[in-house]
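# Chains, contacts and geometry: an overview
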2 protein chains.
Amino acid sequence: MTITIKDIALKAGVSYSTVSKALNDSPLVKPITKNKILNIAKEMGYEPNFAAQRLVSKQSKVIGLIWPTLERIAHSTVVTQINEEISKNSYSMILSINSIKDSIEMFKRFQVDGIIVFDEKNQDALKDCSLPFVTYGVGKDKSFPVIDVNYQESMDITVKYLYSLGHRRIAYVGDFSPVDERQLEKYNAVRNSLNELGLPNTENMFHTGGLDWYDGYVATKRLLQSSFKPTAIIGSSYDISAGIIRALRESNIIIPKDISVISYDNIPQMANLEIPLTSVGVPIEEIAQCMVQTLLTIIQNKETTFIKTLKPIINERVSCAHVSIEVKR
Amino acid sequence: MTITIKDIALKAGVSYSTVSKALNDSPLVKPITKNKILNIAKEMGYEPNFAAQRLVSKQSKVIGLIWPTLERIAHSTVVTQINEEISKNSYSMILSINSIKDSIEMFKRFQVDGIIVFDEKNQDALKDCSLPFVTYGVGKDKSFPVIDVNYQESMDITVKYLYSLGHRRIAYVGDFSPVDERQLEKYNAVRNSLNELGLPNTENMFHTGGLDWYDGYVATKRLLQSSFKPTAIIGSSYDISAGIIRALRESNIIIPKDISVISYDNIPQMANLEIPLTSVGVPIEEIAQCMVQTLLTIIQNKETTFIKTLKPIINERVSCAHVSIEVKR
DNA sequence: TTGAAAGCGTTACCAG
DNA sequence: CTGGTAACGCTTTCAA
């Protein structure tokens, strides 16, 4: 038998509407009464019935996060940050690792106040999402709210950065699958930037066909056997770059002496790689903060379309160097 | 304006209790009426109000999972499995990455039917959890339901396996922090097993002081400089073992020619390491299945204490070999 | 086979 | 300041 406000009312000798008010810290209750009620409630181990509350007043103070691909480390870092940011705003977060469609349905049942979507693909399922939501990725051509992490500018400053260090033969290792919009965007961004500087942008692009470190490893092996001899490599993500490093090491190529490496994903873990990797991207704290603030705004104002473009920066560690005079490769 | 069963009733020209029955596929309503109502409901875009349903009938068909440490890869694999197993049983899963205490509170509000706990520490917070739950880890001295992954037997068969391959100088690289019961259990298990075979079990234990690959890397470096020259190393987890491999490689020690390595955590990703690693532990599919089946049983039967001990196995890949006659180290 | 009505535990409003 | 009461949307008897 769970105990309700009526039980409390009985014991306190007041009406249950008064109990309700007291519990909600309403100013309409005399402090003495309020305290008395609060004490009784605690002592009886009262726990409010969420369903009942929800039934009468909307707003659950919960936001849901959809995240079908657990294993990506860059994401888990952002998700952790988002969770903190949400707590800071006195909301709670629940997470679903199912498809967008299933997740939305579940979140609706729970009447979450808003949704954050972390799935790169299948965003079509969002078309008829009646709840406020934001997504993460690329904003181009989108009719719904997205926090654009600005791959184009990221790759732009990356290429220019390498260029300023004297690099002219720059390779890219990443996934170009047409199904994954985010990866594709990075790929195109690099090609654009390279092209603008009159650098090669075709034979130097190496397709990983996947996002695990191993995919980056294999692609780099291929790169090393190709005729394109880069002085610098751009890795498309944390995991991919881990593979790049390993492949390089296996061939006894020293970073940054023999080759420079820079990676997308501006996360602290880059410092823990075998070689602390210089990285580029919007700092995750900023991504997290922007996502929840935007969502909260949408929840309150009912604004519906919203594209916010963030500013990426380069985080210099030790993996990039000036091209040496006597380049051998 | 959301639409309710009353709206449907109005349109269908029946009472709303009939609509309720039809929606719940009750046999008490004539098929024709039922179909008509169902059609109208779909056409009006009806969505049941979960809170209202919850208010009247208990049972949410949702189970919550508490998992405060996102980054551990072995865990994310199990969590994914668990999610699938839960779906198979036509439940849904939501995930919280907050502390046990906060998570329980939130899950209570959502009236989940049960909870799976994945946090190694702070299990005290479970003492007064009124909802059905199971935990994962070590069952000794526990007064609540736990799926025991049997570290003792894991380490037992590991040590015996290495012994049978001729190894006599076996090192262990892992975390011994007294705060993390699971790690401590592995540590003690190894020492026991080693002791039983009369092998050294003190100077060959290397403390990582953390669970990231880097911690394993550093500890292995230390190991290599110590006077204990092992022919085999046991790594305490996937991440730790990744660090071991890297440290070994840096010193040009070849696995398994120069040294054998075996790792705890029986997960498929072991095959993707630089050297496909022989590993030990209960297969994750089995862990996942056991956890949700047990929880479901508890939910139905209201059993409350329950310790289930699983059977670990060794998954041979290529990282362990017979000790060679001319051992050099 | 259908309908009426009584809750489920809260909140919010209106009287007192 | 406090109490009474009407919702909130649904399930579930109990009668018809």
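Residues numbered from 1 in each chain as written. Chains lettered and ligands numbered in written order. Predicted model: local features only at pLDDT ≥ 70, side-chain atom pairs only at ≥ 80, totals over all residues. Heavy atoms only, no water.

We now examine the relation of the copies chain A and chain B. For these two chain copies, the linking operation is a rotation about an axis paired with a shift along it. Rotating chain A by 180° about the axis while translating it 0.0 Å along that axis superimposes it on chain B, leaving an RMSD of 0.1 Å. Such a combination of rotation and displacement between the chain copies is what one expects of a two-fold axis. A shared binding surface is used by both copies, with 100% of the interface residues of chain A retained as interface residues in chain B. (Least-squares fit on C-alpha atoms with pLDDT ≥ 70 in both. Contact = heavy atoms within 4.5 Å.)

Quick look at the sheet that holds strand 6 (residues 170-174) of chain A now. Residue and element names in this part refer to chain A. Read from one edge of the open sheet, 6 strands run 7-6-8-9-10-12, paired in mixed fashion. Only two strands of the sheet have a single partner each, and these edge strands are strand 7 (205-207) and strand 12 (313-315). Each strand axis lies, on average, 20° off the axis of its neighbour in the sheet, ignoring direction. The pairing of strand 10 (residues 278-281) with strand 12 spans 3 bridges and is classified as antiparallel. Its bridge partner being in strand 12, serine 279 is matched across the sheet by asparagine 315. Those strands touched by helix 7 (residues 151-164) are strand 6, strand 8 (232-235), strand 9 (260-264), strand 10 and strand 12, and its axis lies near 170° from that of strand 9. (Pairing = 2+ DSSP bridges. Helix = DSSP H or I, 4+ residues; strand = E, 2+ residues; numbered from the N terminus. Axes fitted to C-alpha atoms, helices over the stretch in contact; angles between N-to-C directions.)

Let's shift gears to the sheet that holds strand 7 (residues 205-207) of chain B. The pairing of strands in a sheet comes from backbone hydrogen bonds and takes either a parallel or an antiparallel form. All names here are of chain B. The strand order across the open sheet formed by 6 strands is 7-6-8-9-10-12, and the pairing between neighbours is mixed. The open sheet has two edge strands with one neighbour each: strand 7 and strand 12 (313-315). Strand-to-strand twist of the sheet, defined as the mean angle between neighbouring strand axes without regard to direction, takes the value 20°. Where strand 8 (residues 232-235) meets strand 9 (residues 260-264), 4 bridges bridge the pair, whose relative direction is parallel. By the bridge assignment for strand 9, glycine 235 is matched with serine 263.

Not every one of the 26 residues close to DNA strand D is listed here, only the nearest: Thr18, Lys21 and Leu28 of chain A together with Ile5 and Tyr46 of chain B. Among the atoms of DNA strand D close to the protein, meaning within 4 Å, 59% are from sugar or phosphate groups. The side chain of asparagine 24 of chain B places a nitrogen or oxygen atom 3.3 Å from a phosphate oxygen of DNA strand D. Counting residues per element, the ones that place at least two in the surface near DNA strand D are helix 2 (16-23) and helix 4 (50-56) of chain A together with helix 2 (16-23) and helix 4 (50-56) of chain B. (Near = heavy atom within 4 Å. Polar contact = N/O pair within 3.5 Å; in protein donor to acceptor, adjacent residues only side chain to side chain.)

Our focus in this paragraph is the packing of helix 1 (residues 5-12) of chain A against helix 2 of chain A. Residues and elements named next belong to chain A. Where helix 1 contacts helix 2, the two axes come as close as 8 Å, and the packing angle between them is 105°. When the interaxial angle is binned, helix 1 and helix 2 end up roughly perpendicular. Counting all contacts with helix 1, which are made through Ile5, Lys6, Ile8 and Ala9, the residues of helix 2 involved are Tyr16, Val19, Ser20 and Leu23. Here the residues of the contact of helix 1 with helix 2 sort into 6 nonpolar, 1 polar and 1 charged. (Parallel < 35°, antiparallel > 145°, perpendicular 65-115°, else oblique. Nonpolar A, V, L, I, M, F, W, Y, C, P; charged D, E, K, R; others polar.)

Before going further, it helps to examine the protein's contact with DNA strand C. Within the structure, DNA strand C sits among 28 residues, and Ser20 and Tyr46 of chain A together with Thr18, Lys21 and Thr33 of chain B are positioned closest to it. Between a phosphate oxygen of DNA strand C and a side-chain N or O atom of asparagine 24 of chain A, the distance comes to 3.3 Å. For the surface near DNA strand C, the secondary structure elements donating two or more residues are helix 2 and helix 4 of chain A together with helix 2 and helix 4 of chain B. A breakdown of the residues in the surface near DNA strand C according to their chemical character gives 13 nonpolar, 11 polar and 4 charged.

With that settled, consider the UniProt feature "domain: HTH lacI-type" (unreviewed entry) in chain A. Feature annotation in UniProt places "domain: HTH lacI-type" (unreviewed entry) on residues 3-57 of chain A, given in this structure's numbering. Between the C-alpha atoms that bound residues 3-57 of chain A there is a distance of 21 Å. The span itself is 67% helix and 0% strand. (UniProt positions renumbered as here; feature names shortened; annotations may be inferred.)

Let's shift gears to the pairing of strand 9 of chain A. Residues and elements named next belong to chain A. The buried count for strand 9 comes to 5 of 5 residues, which makes it a mostly enclosed element. Of the two faces of strand 9, both are covered, the one formed by Ser260, Ile262 and Tyr264 as well as the one formed by Val261 and Ser263. The handedness of the strand 8 to strand 9 crossover, carried by helix 10 (residues 238-250), is right-handed. Both strand 9 and strand 10 contribute to a ladder of 3 bridges, which runs parallel. In the strand pairing of strand 10, tyrosine 264 is matched with valine 280. (Buried < 20%, exposed > 50% of the residue type's maximum accessible area, 1.4 Å probe, protein only. Right-handed = clockwise from strand over helix to strand, strands pointing away.)

Turning to the interface of chain A and chain B, a few remarks are in order. How large an interface is tends to be reported as the accessible area lost when its parts come together. Each partner contributes to the interface: chain A provides 40 residues, whereas chain B provides 40 residues. Here chain A and chain B share an interface that buries about 3,500 Å² over both sides, 57% of which is from carbon and sulfur atoms. Per-residue buried area on chain A facing chain B is highest for Phe50, Arg109 and Phe110 of chain A; these three make up 16% of the total on that side. For the pair chain A and chain B, the interface holds 4 salt bridges. Across the pair glutamate 47 of chain B and lysine 108 of chain A runs a salt bridge, and its minimum N-O distance is 3.1 Å. In this assembly, chain A and chain B are joined by 6 residue pairs in polar contact (both at pLDDT 80 or more). Of all elements in the fold, only helix 4, helix 5 (73-88), strand 2 (92-96), helix 6 (100-110), helix 9 (213-225) and helix 10 of chain A reach the threshold of two or more residues within the side of chain A that touches chain B. At 7 residues, helix 5 of chain A tops the list of elements feeding residues into the side of chain A that touches chain B. Taken together, the residues of the side of chain A that touches chain B break down into 18 nonpolar, 12 polar and 10 charged. (Buried area = accessible area lost by both parts, 1.4 Å probe. Salt bridge = Lys/Arg side-chain N within 4 Å of Asp/Glu carboxyl O.)

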